[in-house]
Amino acid sequence: MSLKGKVALVTGSSKGLGKVIAFALGEAGASVVFNYANNAETAQATFAEYQKGGGHGILVQADVTTQEGIDHLLARAQAELGGIDILIPNATPDQPQRPIEEYDWDFYQQMIDFFIKSPFLLTQAVAPHMKARKWGRIVNITTEAFEKSVPNFSAYCAAKGGQTGFSRSISTELAPFGITVNIVSPGWVPVERHADDPQEDKDAYLAGIPLGRWGTPADIANAILFFCREESGFITGQTLSVNGGNAQAR
């Protein structure tokens, strides 16, 4: 399963899930565009680690919820690596759970910007290159929370539902050009931003996983690699749940 000769973009890849996905794509042979928005120190440490391991790519600061940020990001990628063959929109804001009365529209808009606007603008920007090459892989990351109708999570679930609908529609639009669009839907995979989550919540969730263990970022990265491989070129418009068999989300 080699991605040699391909250029992959993973947004929000300085830490957490995005970092592991970017490393996995690089290990498979792709040249990887790492992206971050704010924390330069963490991003530079991540990219240095990637390069030390032999990975090839570039690191670009850009706000991928804006057209200006995406234009800058893709201009750098084009100049230094070439056009984007593999797109993984992964950037995400904080996702607090709140009753509906405690949300405001600005927070809803932030969810929409990250999970609908950004994937739309990124897909729109990379599609011409993929169409010209008659090859492309786009993998959007959604959430089992949408399928489980998690309470006090309406802003996140609404935006992820929109991302799901966008992915399904664009998959049929781009299929004639050899471009596949699929979805990986993780369960709860604890990363850095979950460090302060209540232990009782973690224990309750773990008890409901039939496989009896937590999912890891590597589990998600491996699912994404599956969709990106050449041999998966006849699979598009699909959602793959990676959640240890959580029955509520299948």
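Since the structure is predicted, the reported quantities are computational estimates derived from the model, not experimental observations.

Trainee: Looking at this structure, how should I read the overall build of the protein?
Mentor: A tally of helices and strands in the protein yields 8 helices and 7 strands. Relative to the 2.2 N^0.38 estimate, which gives 18 Å for 250 residues, the radius of gyration of the protein is 17 Å and therefore close to what a compact globule would have. With the C-alpha coordinates of the protein rotated into their principal frame, the extents come out at 45 × 40 × 40 Å. Out of the 250 residues belonging to the protein, those deemed buried represent 50%. A fraction of 72% describes how many contacts in the protein between residues 6 or more apart in sequence connect residues 24 or more apart. On the protein, roughly 11800 Å² of surface is accessible, and the fraction owed to carbon and sulfur atoms is 52%. For the protein, the separation between the mean place of its 20 positive charges and that of its 26 negative charges on side chains is 9 Å.

Trainee: Would you explain the packing of helix H1 (residues 16-27) against helix H8 (residues 217-228) in this entry?
Mentor: Here H1 crosses H8 at 45 degrees, and the two axes come no closer than 9 Å. Between H1 and H8, the angle is such that the two are oblique. Two packed elements cross with a definite hand, and for H1 against H8 that hand is right-handed. Contacts between H1 and H8 involve Leu17, Val20, Ile21, Ala24 and Leu25 on the former and, on the latter, Pro217, Ala218, Ile220, Ala221, Ile224, Leu225 and Cys228. Tallied by class, the residues present in the contact of H1 with H8 amount to 12 nonpolar, no polar and no charged.

Trainee: Would you mind going over unusual backbone geometry with me for this structure?
Mentor: Even without being glycine, Ser149 reaches a positive phi, approximately 55 degrees. Among the secondary structure elements, Ser149 is positioned in the loop between helix H5 (144-148) and helix H6 (154-174). Judged by relative accessible area, which is 59%, Ser149 ranks as exposed. Residue Asn152 is not a glycine yet carries a positive backbone phi of 60 degrees.

Trainee: Explain the environment of Ile220 here, please?
Mentor: With respect to the secondary-structure elements, Ile220 resides in helix H8. On the basis of relative accessible area, Ile220 is assigned to the buried category, the value being 0%. It is 24 Å that separates the C-alpha atoms of Ile220 and Gln61, two residues lying 159 residues apart in sequence. With near-sequence residues (within four places) excluded, Ile220 lies in contact with Leu17, Val184, Pro186, Val189 and Val242.

Trainee: Where do I start with the pattern of salt bridges in this structure?
Mentor: A side chain with one charge can pair with a side chain of the opposite charge if their charged atoms come near. Considering all chains together, one arrives at 6 salt bridges under this definition. The shortest N-O distance in the salt bridge between Glu49 and Lys19 comes to 3.0 Å. Of this pair, Glu49 sits in helix H2 (residues 40-52) while Lys19 sits in helix H1, and the two are 30 residues apart along the sequence. One salt bridge in this structure joins Asp219 and Arg213, with 2.9 Å as the shortest N-O distance. Using a relative accessible area of 22% as the deciding quantity, one classes Asp219 as partly exposed. Classification of Arg213 as partly exposed rests on a relative accessible area of 43%.

Parameters at a glance
Residues numbered from 1 in each chain as written. Predicted model: local features only at pLDDT ≥ 70, side-chain atom pairs only at ≥ 80, totals over all residues. Heavy atoms only, no water. Helix = DSSP H or I, 4+ residues; strand = E, 2+ residues; numbered from the N terminus. Rg over C-alpha atoms; globule rule 2.2 N^0.38 Å. Buried < 20%, exposed > 50% of the residue type's maximum accessible area, 1.4 Å probe, protein only. Contact = heavy atoms within 4.5 Å. Areas by Shrake-Rupley, 256 points an atom, 1.4 Å probe, with all protein chains shown as cover. Lys, Arg positive; Asp, Glu negative; His and termini not counted. Charge placed at Lys NZ, Arg CZ, Asp CG, Glu CD. Axes fitted to C-alpha atoms, helices over the stretch in contact; angles between N-to-C directions. Parallel < 35°, antiparallel > 145°, perpendicular 65-115°, else oblique. Left-handed = near helix turned anticlockwise from the far one by under 90°. Nonpolar A, V, L, I, M, F, W, Y, C, P; charged D, E, K, R; others polar. Salt bridge = Lys/Arg side-chain N within 4 Å of Asp/Glu carboxyl O.

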